[in-house]
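These are the residues of each chain, in order.
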Amino acid sequence: MDGLTVCVIDDDLAVRRGLTRLLEVCGYRVETYGSPREFLRQRTHSHFDCILLDVRMPGLTGFELYDRLGSAGSKVPVIFITGHADADTAGHATRSGSVTVLIKPFDEEALFAPIREATSKASPHAAIT
């Protein structure tokens with residue numbers, strides 16, 4: 001985990017804070033954004049090993065951001081997180097090629113298993129430009 005950076009994009013401040021604390025305690029560096037638009041506006045050639053991306057957010061959805069990143073050539077693994085489990089969400093995530101979908105609330109092992117999987121496959125610090 002040394003040196004790995006996880007990006008958290010979620011409109012819920014409590015979720016961002018909780019995930020940040022948990023990830024940092026486990027040795028990850030963390031960058032957070034409150035929305036896809038904030039992420040697109042504020043990041044400047046950031047390097048992430050994995051993105052935790054909420055599905056339902058105002059403005060752009062997590063799926064729309066994922067599609068934009070893919071169109072831009074990003075290879076950073078994405079783990080979708082959602083409080084709304086339904087067949088459409090699961091189907092879209094499966095078709096998108098994401099690592100997995102986590103249903104809130106989830107436990108630590110449910111979080112860290114897909115992060116370990118994603119970061120073991122990713123090239124070091126895949127750039128998002």
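Above this text is the structure in question.
Residues numbered from 1 in each chain as written. Predicted model: local features only at pLDDT ≥ 70, side-chain atom pairs only at ≥ 80, totals over all residues. Heavy atoms only, no water.

(A) Structural view of the side chain of Thr-20. Structurally, the position occupied by Thr-20 is in helix 1 (residues 13-25). For Thr-20, a relative accessible area of 17% translates into the label buried. Separated by 2.7 Å, the side chain of Thr-20 and the backbone oxygen of Arg-16 make a polar contact. In this structure, Thr-20 is in contact with Val-30 and Thr-32, ignoring residues within four places of it in sequence. (Helix = DSSP H or I, 4+ residues; strand = E, 2+ residues; numbered from the N terminus. Buried < 20%, exposed > 50% of the residue type's maximum accessible area, 1.4 Å probe, protein only. Polar contact = N/O pair within 3.5 Å; in protein donor to acceptor, adjacent residues only side chain to side chain. Contact = heavy atoms within 4.5 Å.)

(B) Just the nonpolar core, in detail. Val-8, Leu-19, Leu-23, Tyr-28, Leu-52, Leu-111 and Ile-115 are the most contacted members of the largest nonpolar core, which has 17 residues in total. Of all the secondary structure elements, the ones that give two or more residues to this core are strand 1 (5-9), helix 1, strand 4 (50-54), strand 5 (78-82) and helix 5 (108-121). Take this core: its biggest share by element is four residues, from helix 5. (Core = buried A, V, L, I, M, F, W, Y, C linked by side-chain atoms within 4.5 Å.)

(C) Summary view of the packing of aromatic side chains. Tallied over the full model, the rule gives five aromatic pairs. Centroid distance Tyr-33 to Phe-39: 5.2 Å. Interplanar angle 90°. Geometry classified as edge-to-face. Accessibility assignment for this pair places Tyr-33 and Phe-39 in one class, buried. (Phe/Tyr/Trp six-rings, centres within 6.5 Å; stacked < 30°, edge-to-face > 60°.)

(D) The environment of Ser-74, seen in detail. Along the chain, the position of Ser-74 falls in the loop between helix 3 (62-71) and strand 5. With a relative accessible area of 17%, Ser-74 lands in the buried category. Among the polar contacts made by the side chain of Ser-74, one reaches the main-chain amide nitrogen of Val-76 at a distance of 3.3 Å.

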